[in-house]
Amino acid sequence: MQRTNIANPAYFHKVVDCQYACPAHTPVPEYIRLIAQRRYGDAYMINWVSNVFPGILGRTCDRPCEPACRRGRVEESNAQDPEPVAICRLKRVAADMKEDVRARMPKVEPRNGKRVACVGAGPASLTVARDLAPLGYEVTVFDGEPKAGGFIRTQIPRFRLPESVIDEETGYILDLGVKFRGGERIDSMKALMDEGWDAIFVGCGAPRGRDLDVPGRQEAAASIHIGIDWLASVSFGHITRIGQRVIVLGGGNTAMDCCRSARRLGGTDVKVIVRSGFDEMKASPWEKEDAQHEGIPIINFHVPKEFVHENGKLVGMRFEIVRAEYDAEGRRKLVPTGEDDAFFECDEVLVAVGQENAFPWIERDCGIEFDKWGLPRLDRSSLQSTVPRVFFGGDAAFGPKNIIEAVAHGHEAAVSIDKLLHGEPVTHRPAPMTNLVSQKMGIHEWSYDNDTSNDLRYRVPWEKAERALASIRVEVELGFDAATAFKEAQRCLNCDVQTVFTEAACIECDACVDICPMDCITFTANGEEAELRTRLKAPALNLAQDLYVSGGLKTGRVMVKDEDVCLHCGLCAERCPTGAWDMQKFLLKTTPAGPGAREKRVAPQGVPA
């Protein structure tokens with residue numbers, strides 16, 4: 001194998017599993033250390049720069065960082081069910097316990113004469129506004145609802161996300177001089193284009209819920225509701241009660257929000273019924289657990305067959321019972337079991353079987369091309385459409401995803417818009433800013449706490465059930481207190497503090513090999529990667545994680561380190577008699593819109609460089 005090029009930012013970025021998995025590349029270990037130091041405001045601002053909505057995401061994020069967390073791979077004391085650091089809930093700690101951070105928000109530069117329109121006031125559009133407004137752009141956000149937030153405000157129930165948190169975090173962005181035109185729905189792209197905007201960003205989400213066309217749907221329509229529309233009506237107070245017997249169809253997070261909301265609005269017999277198996281449901285595991293914790297059963301492998309009604313009054317649903325069969329390629333097919341159809345009585349049904357994009361307001365002759373699925377044709381890196389000044393992001397770009405993905409799109413689109421309006425190609429993406437800084441404070445001391453905690457993951461306390469289930473607006477999760485937050489933060493393995501090896505200083509004494517608690521380090525003859533992985537002190541089985549390979553040593557051997565299960569404990573560096581090993585903090589920061597993302601320094605007329 002070739003010597004590892006640790007100067008390449010991608011190498012150590014991949015080692016910081018949580019940050020690598022986060023679409024917005026939030027420097028997770030950095031802010032967790034600050035939480036442990038009770039520097040909550042600093043931790044919040046690190047989050048705010050990258051993910052924009054720490055308080056919102058600290059309650060609602062889909063948490064792609066947590067399945068990637070190294071802690072889940074190395075935890076021995078709970079080997080049957082190892083659990084990652086509670087990254088998402090620690091983010092909430094920073095938001096809930098911070099001081100007033102308004103004075104730390106960016107200063108707005110003088111107007112540069114360029115106008116940007118954002119359609120929809122959801123997380124993607126607000127991220128574009130947050131990135132461009134401080135640079136002097138006049139950003140106007142349009143939304144059909146009176147307050148900003150988009151689906152964050154209309155689809156996520158208040159028992160998961162209090163409205164005060166939405167108001168606070170959307171307010172930080174609007175206070176940057178962003179013009180918000182609430183209650184103003186855009187109904188013509190052509191008309192918007194004719195208004196002379198220099199750039200247009202479409203972040204209107206995937207606003208249409210899929211319906212279910214089975215017998216009885218039309219006759220019993222009064223008692224059958226599309227999930228996302230029903231949640232919006234609940235959010236705005238238009239719906240305040242529901243029948244006692246409720247069936248929720250669907251296996252995603254929207255279905256979980258529907259069933260838990262129905263439980264609070266008077267449903268005493270609420271059940272979720274899905275076509276797939278329980279493990280195949282699209283809902284996040286913790287969302288399913290929360291629903292079951294509140295006494296809501298999830299019935300799987302039932303395919304809707306009929307809405308049963310009597311003279312137009314819904315009385316129940318009939319389902320075909322199926323099982324999953326898989327072909328040689330692993331493709332699933334649902335086949336009937338031959339059992340009698342299942343019948344469940346109900347008063348109302350909430351249909352949450354998926355969402356899809358709807359762009360009736362974008363004329364098909366305006367120059368924006370769409371694919372066969374009705375999605376805009378975009379450059380995936382720049383998010384630019386076939387009309388150069390029109391960009392898409394969030395669910396409107398590639399279909400329904402999640403908030404953090406929408407935020408990532410917003411950052412990328414902001415870079416693209418800024419480059420476009422400075423006469424630069426939008427497909428040339430800026431490299432991230434990185435550095436490596438030694439954490440050495442003495443011969444055997446580091447500027448971070450490298451003592452590995454053996455604690456299991458701490459549980460977030462809940463409001464008492466009788467109070468939580470009595471109101472749609474009582475927040476269920478109470479969040480960590482400061483003491484528990486500190487203990488949970490100590491479970492982080494500081495994956496961004498890298499073990500850096502200097503081969504010229506190595507005397508091949510094998511002291512690091514002897515002391516490594518995870519058998520990560522091997523001194524051996526070089527070879528092809530597949531073969532080399534098999535003869536390390538502990539075989540490196542995770543092919544997704546690269547090996548750290550040194551250049552040739554004095555004996556002709558090489559040092560090979562398996563990054564996959566390293567604890568970043570620093571024992572190798574403490575034991576090394578020559579300082580060949582060092583612990584160096586790696587910081588990756590994606591380049592935001594602005595001068596740092598531009599290649600040129602001479603701007604077009606009227607636009608400052």
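Because the structure is a prediction, the values reported are computed rather than measured.

Scoring rules and cut-offs
- Residues numbered from 1 in each chain as written.
- Predicted model: local features only at pLDDT ≥ 70, side-chain atom pairs only at ≥ 80, totals over all residues.
- Heavy atoms only, no water.
- Helix = DSSP H or I, 4+ residues; strand = E, 2+ residues; numbered from the N terminus.
- Rg over C-alpha atoms; globule rule 2.2 N^0.38 Å.
- Buried < 20%, exposed > 50% of the residue type's maximum accessible area, 1.4 Å probe, protein only.
- Contact = heavy atoms within 4.5 Å.
- Areas by Shrake-Rupley, 256 points an atom, 1.4 Å probe, with all protein chains shown as cover.
- Lys, Arg positive; Asp, Glu negative; His and termini not counted.
- Charge placed at Lys NZ, Arg CZ, Asp CG, Glu CD.
- Pairing = 2+ DSSP bridges.
- Axes fitted to C-alpha atoms, helices over the stretch in contact; angles between N-to-C directions.
- Core = buried A, V, L, I, M, F, W, Y, C linked by side-chain atoms within 4.5 Å.
- Phe/Tyr/Trp six-rings, centres within 6.5 Å; stacked < 30°, edge-to-face > 60°.
- Lys NZ or Arg CZ within 6 Å of the ring centre and 35° of its normal.
- 1 Å grid on protein atoms, 1.4 Å probe; cavity = no way out; pocket = protein on both sides within 12 Å on 5 of 7 lines; lining within 4 Å.
- Points joined across faces, edges and corners; volume = space filled by probe spheres on them.
- Nonpolar A, V, L, I, M, F, W, Y, C, P; charged D, E, K, R; others polar.
- pLDDT = per-residue confidence, 0-100.

(A) Broad picture of the overall build of the protein chain. Across its full length, the protein chain carries 22 helices and 22 strands. The C-alpha atoms of the protein chain give 27 Å as radius of gyration, which agrees with the globular expectation for 609 residues (25 Å, within 12%). Counting all 609 residues of the protein chain, 56% fall into the buried class. The long-range share in the protein chain, meaning contacts at least 24 apart out of those at least 6 apart in sequence, stands at 72%. Just so you have it, the protein chain exposes about 26,000 Å², and 50% of that area is on carbon and sulfur atoms. When the 76 basic and 88 acidic side-chain charges of the protein chain are each reduced to a single mean position, those positions are 3 Å apart.

(B) Layout of unusual backbone geometry. For Asp519, which is not glycine, the phi dihedral falls at a positive 55°. Despite not being glycine, His568 has its phi angle at roughly 55°, a positive value. Mapping His568 onto the fold places it in the loop between strand 21 (558–562) and helix 22 (571–575). According to the relative accessible area criterion, His568 is buried, its value standing at 1%.

(C) Local environment of the sheet that holds strand 19 (residues 521–524). Across the sheet, which stays open at both edges, the three strands sit in the order 19-21-20 with antiparallel pairing between neighbours. The sheet terminates laterally at strand 19 and strand 20 (547–549), the two strands that pair on one side only. The average undirected angle you get between the axes of adjacent strands in this sheet is 25°. Sheet topology places strand 20 next to strand 21; three bridges connect them, and they run antiparallel. Pairing of Tyr548 across the sheet is with Lys561, part of strand 21.

(D) Representation of the nonpolar core. Ranked by internal contacts, the top residues of the largest apolar core, which has 64 residues, are Ile32, Ile35, Phe501, Ile521, Phe523 and Trp581. The element that contributes the greatest number of residues to this core is helix 3 (residues 28–36), accounting for six residues. Setting aside anything within four residues of it in sequence, one finds Trp581 in contact with Thr499, Val500, Phe501, Cys512, Ile521, Met559, Lys561, Cys572, Ala573 and Cys576. In terms of nonpolar packing, the next biggest core, distinct from the first, is built from 45 residues, Leu161, Val165, Ala414 and Leu421 among them.

(E) Focus on the pairing of strand 7 (residues 245–249). For strand 7, a buried count of four out of five residues is recorded, marking the element as mostly surrounded by other parts of the structure. As paired elements, strand 7 and strand 8 (residues 269–273) share five bridges and run parallel to each other. Of the residues in strand 8, the one forming a bridge with Ile247 is Lys271. Of the pairings in the sheet, the one linking strand 7 to strand 14 (residues 348–351) comprises four bridges and is parallel in character. Bridge pairing in strand 14 links Val246 to Glu348.

(F) Highlighting the packing of aromatic side chains. In the structure shown here, the tally under the stated rule is eleven aromatic pairs. Ring plane angle 90° and centroid distance 5.9 Å describe the contact between Phe142 and Trp197, whose orientation is recorded as edge-to-face. Placement of Phe142 in strand 2 (residues 138–143) and of Trp197 in the loop between helix 12 (189–193) and strand 4 (199–202) is noted, with a sequence separation of 55 residues between them. Using a relative accessible area of 2% as the deciding quantity, one classes Phe142 as buried. Summarising the aromatic geometry, the rings of Phe501 and Phe523 are spaced 6.4 Å apart at their centres and angled 65° between planes, so their arrangement reads as edge-to-face. A residue pair is termed long-range when its members are at least 10 positions apart, and Phe501 in strand 18 (residues 497–501) and Phe523 in strand 19 qualify at 22 residues. Of note, Arg264 hangs over the ring of Phe159, and the distance from its end group to the ring centre comes to 3.9 Å. Directly above the ring of Phe278 sits Lys288, whose terminal nitrogen or CZ lies 4.2 Å from the centroid.

(G) Local environment of helix 15 (residues 285–293). Buried residues of helix 15: Trp286, Glu287, Lys288, Asp290 and Ala291, and no others. In this structure, the buried residues of helix 15 make contact with helix 14 (253–264) and strand 9 (298–299). Positive phi shows up at Gly295, right after helix 15, with a value of about 80°.

(H) Quick peek at empty space enclosed by the protein. This model, assessed by the stated rule, comprises seven cavities of 30 Å³ or more. Each pocket or cavity is described by its volume, and for the largest cavity that value is around 150 Å³. As for the largest cavity, its lining consists of 15 residues, and the residues nearest its centre are Arg59, Arg89, Arg160, Asp290 and Glu477. Those elements that provide at least two residues to the lining of the largest cavity are helix 5 (54–60), helix 8 (87–97) and helix 15. With three residues, helix 15 is the single largest residue contributor to the lining of the largest cavity. Split into classes, the residues belonging to the lining of the largest cavity amount to four nonpolar, one polar and ten charged.

(I) Highlighting the confidence of the model for the protein chain. Overall, the prediction assigns the protein chain a mean pLDDT of 93, with 97% of residues at 70 or greater. Across residues 601–609, where pLDDT falls below 50, the model places 18 contacts with residues more than four positions away in sequence or in other chains.

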